[in-house]
Amino acid sequence: MATPSSGTISLNEMHVEAGGSSGTTCSINDSDIRLIANKSSGATASWNDYYSRAADWSSTMTVGDNTISESNGYVTVVTRYRGYMTSTAINATAVPSGGIGSMNDYQDSDYLANAVIDVLAVYGDQSGSSSLFRLQIFNGTISNNDTAFKSVIVNGTTFNRTDASFGQNNGADRVYTIWSWNLSAAVPDASSDAYAPFGVSGASNTITFRRSR
Amino acid sequence: MSEIKLKTSILESVGTKKDIDHEDVPFNKLTLNVVHPVSKQEIYMEYSKSDSKDVLIEKEDGVYVEEAGVEYLKQSWKATEYSFFLENSTLRHAAEGDLGDGVKNFAVPKSTNTYDEVYVNKKLVRTDYNIGLHQAKPLIEEIEKVFGKDQEWKGNRFNIIGTYTAHDDAPLRPPYTHEKTYSWYNVYNYPSQELLDEFKVPDVGYEYHVWHSIKYNTVTGKKQLKLVIADNEYTSNYQKHPDTFIPRPEVPLYSAKYRSFFFAKIFNEDGTEADQYDVFFVTTKDIMKEFCKEKGLDFPMPETREDDFVWIYGLVYDKNTLEIKQVKGYVRYPTEEGEWL
């Protein structure tokens, strides 16, 4: 449960959100409490800096991989997808049959308006050198601000929300909101080759969403 | 150029919104409300910090954008979305035997029961049949009357054969001179060195696409070879690669999708090159119509066909003057008439 967005806020609320036990001893300069507001040790902080803060949310992905054949008339290419994609038909995103990958947790009440993650995957045309990394959720009205998330770390690579293009459609059959980051990287020909930011197909990668940094 | 002062409302067609980056630095974003070119659904978009910085003009009294710049962004997005729609409509993974030697990572049509119609100035000027359709058989027979069994016509089940129709207001495209010219497309195969040698094509290092065509003029008994060339650094950068640069006329906004923009050259048997080049691209009906209107060109599609599956447009142009000779639109149709292979 994130800290309040306004009004009264107590040190205990900050401590609990940071992962501490309610009613236990703590100080505003404890590292876990500073972390949720992204404050360095001894830094000046106001109570307002602790509004709408939340502890990081981590989940584990079993990385999936598949391809889709596509065509522009006579011109055809194969697009490789790596990461997680639900098997549910999704507007605005082609999905390999049956979806790819899985996660041990698809939603969190403090992130992405508690919406279900439909896509967290990278994809690009094989033999091409550019890719898109996409986060897509089952929600068509969420605001694009730090309450959704500020950054997400995928297998050690950080993606800042404000570096992404953002789109949403609240009139689609399955409403969606998408964050997309452009990547410059070779697209592998095989599932056994790493495809940044993910490792090889079948690998276990940690995904961490953050609101403070 | 005119500038628009942006309002901070997500309901505006073009607007701006404040945000804070990962270093807690405030900035302004560009926001757009657009209509998807295929689904017609409304989509709300916010640009990233860096992309917004490229187009927003920050002034003391507010945030502005160049009207033309925003229109470019909108149209470019629509063209690319349209190409995604085309891509996701018709193909499957290649099976063994679908692709020629050295061709990999290509998909093939789900069905060979298709034919293409090509329109110029609202007139049907060419029909391309899959080699397996019964309509292909008499066309092959016409070629064989003059040229014999010149090729393995059915060497690939996705091969295509086409026939032309000329009209007073949509004549045969140059350099073709007779309606009784037939185009045989060898699909999912790179042009062999033997074929390139036969037409004395100079080796300048072009990246050829995986299909090419031989044009059989059954009146003159002459053949021509049409090669399809990818647009890349060697064809687009005159300063660095003047020998391989392909001059091109102004074209409309087209899909940014990889490989959706390419050229074709036609070679005679003596190695000479036709003066007319083709350039092909994927774009939307609206963008193409606007381009034709601006340039005084004839939009190719008749009204009854313009919302059909137009999968690519092409321009025939003079390589020396860059004058556009024809605007072509290619439409693909399914058929239930069955195969004869």
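Presented here is a report on the structure given in the accompanying data block. (Residues numbered from 1 in each chain as written. Chains lettered and ligands numbered in written order. Predicted model: local features only at pLDDT ≥ 70, side-chain atom pairs only at ≥ 80, totals over all residues. Heavy atoms only, no water.)

1. Some thoughts on the pairing of strand β16 (residues 276-281) of chain B
Residues and elements named next belong to chain B. The buried fraction of β16 is high, at six of six residues. Residues Q276, D278 and F280 of β16 are buried on one face, and the alternating residues Y277, V279 and F281, pointing to the opposite face, are buried as well. The pairing of strand β15 (residues 261-268) with β16 spans four bridges and is antiparallel. Its bridge partner being in β16, F261 is matched across the sheet by F281. (Buried < 20%, exposed > 50% of the residue type's maximum accessible area, 1.4 Å probe, protein only. Helix = DSSP H or I, 4+ residues; strand = E, 2+ residues; numbered from the N terminus. Pairing = 2+ DSSP bridges.)

2. Some words on the nonpolar core
Among the nonpolar cores identified, the biggest contains 69 residues, and V201(B), L225(B), V279(B), F281(B), M288(B) and L315(B) are the most heavily contacted of them. In this structure, L112(A), V152(A), A164(A) and L183(A) belong to the second largest nonpolar core, which totals 32 residues. (Core = buried A, V, L, I, M, F, W, Y, C linked by side-chain atoms within 4.5 Å.)

3. Here's the deal with the sheet that holds strand β13 (residues 208-217) of chain B
Residue and element names in this part refer to chain B. Judged by pairing direction, the barrel is antiparallel, and its ten strands sit side by side in the order β9-β10-β11-β12-β13-β14-β15-β16-β17-β18 before closing back on the first. Here the strands of the sheet are splayed against their neighbours by 25° on average, with no regard to which way each runs. As defined by bridge partners, strand β9 (residues 114-120) adjoins strand β18 (residues 324-334) across seven bridges and the pair is classed as antiparallel. Note that in β18 the partner of Y119 across the bridge is G329. Of the strands in this sheet, β10 (123-130), β11 (160-164), β12 (181-187), β13 and β14 (222-230) touch helix α3 (residues 136-147), which is tilted by about 80° from β11. Together, β16, β17 (310-318) and β18 form the strand contacts of helix α6 (residues 285-295), whose direction differs from that of β17 by roughly 20°. (Axes fitted to C-alpha atoms, helices over the stretch in contact; angles between N-to-C directions. Contact = heavy atoms within 4.5 Å.)

4. Overview of the side chain of T16(B)
Residue and element names in this part refer to chain B. Residue placement: T16 occurs in strand β2 (residues 14-20). We classify T16 as buried; its relative accessible area is 4%. Here the side chain of T16 touches K29 through a polar contact of 2.7 Å, landing on its backbone oxygen. Aside from chain neighbours lying at most four places away, what touches T16 is L6, K7, T8, S9, N28, K29, T31, L56 and V63. (Polar contact = N/O pair within 3.5 Å; in protein donor to acceptor, adjacent residues only side chain to side chain.)

5. Digging into the sheet that holds strand β7 (residues 151-154) of chain A
Residues and elements named next belong to chain A. Pairing is antiparallel across the open sheet formed by five strands, whose spatial order is β4-β1-β11-β7-β8. At either margin of the open sheet sits one strand with a lone partner, and together these are β4 (102-103) and β8 (157-160). Bridge count for β7 against strand β11 (residues 204-210) is four bridges, and the pairing is antiparallel. Across the sheet, residue I153 finds its bridge partner in β11, namely T208.

6. Details of the pattern of salt bridges
Per the counting criterion, the structure on display carries 35 salt bridges over all chains. Residue E306(B) pairs with K285(B) through a salt bridge whose shortest N-O separation is 3.8 Å. Of the two residues, E306(B) sits in the loop between α6 and β17 while K285(B) sits in helix α6, which places them 21 residues apart along the sequence. Residue K285(B) is classed as partly exposed on the basis of its relative accessible area of 22%. One network of salt bridges, in which partners are shared, links D146(A), K150(A), R161(A), K17(B), D19(B), D24(B), K29(B) and E46(B). (Salt bridge = Lys/Arg side-chain N within 4 Å of Asp/Glu carboxyl O.)

7. Regarding a negative patch on the surface
Residues and elements named next belong to chain B. A cluster of acidic residues, E67, E71, D286, E290 and E294, forms a negative patch on the protein surface. Of all elements in the fold, only α2 (67-90) and α6 reach the threshold of two or more residues within the negative patch. The leading source of residues in the negative patch is α6, at three residues. Examined against the element boundaries, D286 turns out to sit in helix α6. Exposure remark for D286: the relative accessible area of 52% places this residue in the exposed category. (Patch = residues over 30% accessible without salt bridge, like charges linked within 9 Å, V, L, I, M, F, W, Y side chains within 5 Å. Areas by Shrake-Rupley, 256 points an atom, 1.4 Å probe, with all protein chains shown as cover. Lys, Arg positive; Asp, Glu negative; His and termini not counted. Charge placed at Lys NZ, Arg CZ, Asp CG, Glu CD.)

8. Description of the environment of N33(B)
All names here are of chain B. Its place among the elements puts N33 in strand β3 (residues 26-35). Each C-alpha atom of the pair N33 and C292 lies 26 Å from the other, and the pair is 259 residues apart in sequence. Those residues in contact with N33 that sit more than four places away from it in its chain are I10, L11, E12, S13, I43, Y44 and K74. Reaching out from N33, the side chain makes a polar contact with the backbone oxygen of I10 at a distance of 2.7 Å. Here the side chain of N33 touches E12 through a polar contact of 2.7 Å, landing on its backbone oxygen.

9. As for α3(B)
Residue and element names in this part refer to chain B. Relative to the 16 Å expected for twelve residues at 1.5 Å per residue, α3 spans 16 Å between its end C-alpha atoms, a close match to the ideal helical length. Every buried residue of α3 is accounted for by A136, L139, I140, I143 and F147. The buried residues of α3 occupy an angular sector of 100° when the element is viewed end-on, so they sit on one face. Just downstream of α3 lies G148, where phi reads positive at about 70°. (Expected span 1.5 Å × (residues − 1). Arc of directions from axis to C-beta.)

10. Here's the deal with unusual backbone geometry
With an omega of 10°, the peptide bond between A196(A) and P197(A) qualifies as cis. Residue placement: P197(A) occurs in the loop between β10 (176-184) and β11. The phi dihedral of N121(B) is positive, around 50°, even though this residue is not glycine. The residue K122(B) is not glycine, and still its phi comes out positive at about 70°.

11. What about the side chain of N139(A)?
Residues and elements named next belong to chain A. Relative to the helices and strands, N139 resides in the loop between β6 (130-137) and β7. Side-chain polar atoms of N139 contact the backbone nitrogen of I142, separated by 2.8 Å. With sequence-adjacent residues up to four places away left out, N139 is seen in contact with A113, A115, V175, Y176 and T177.

So yeah, pure geometry; function would need other evidence.
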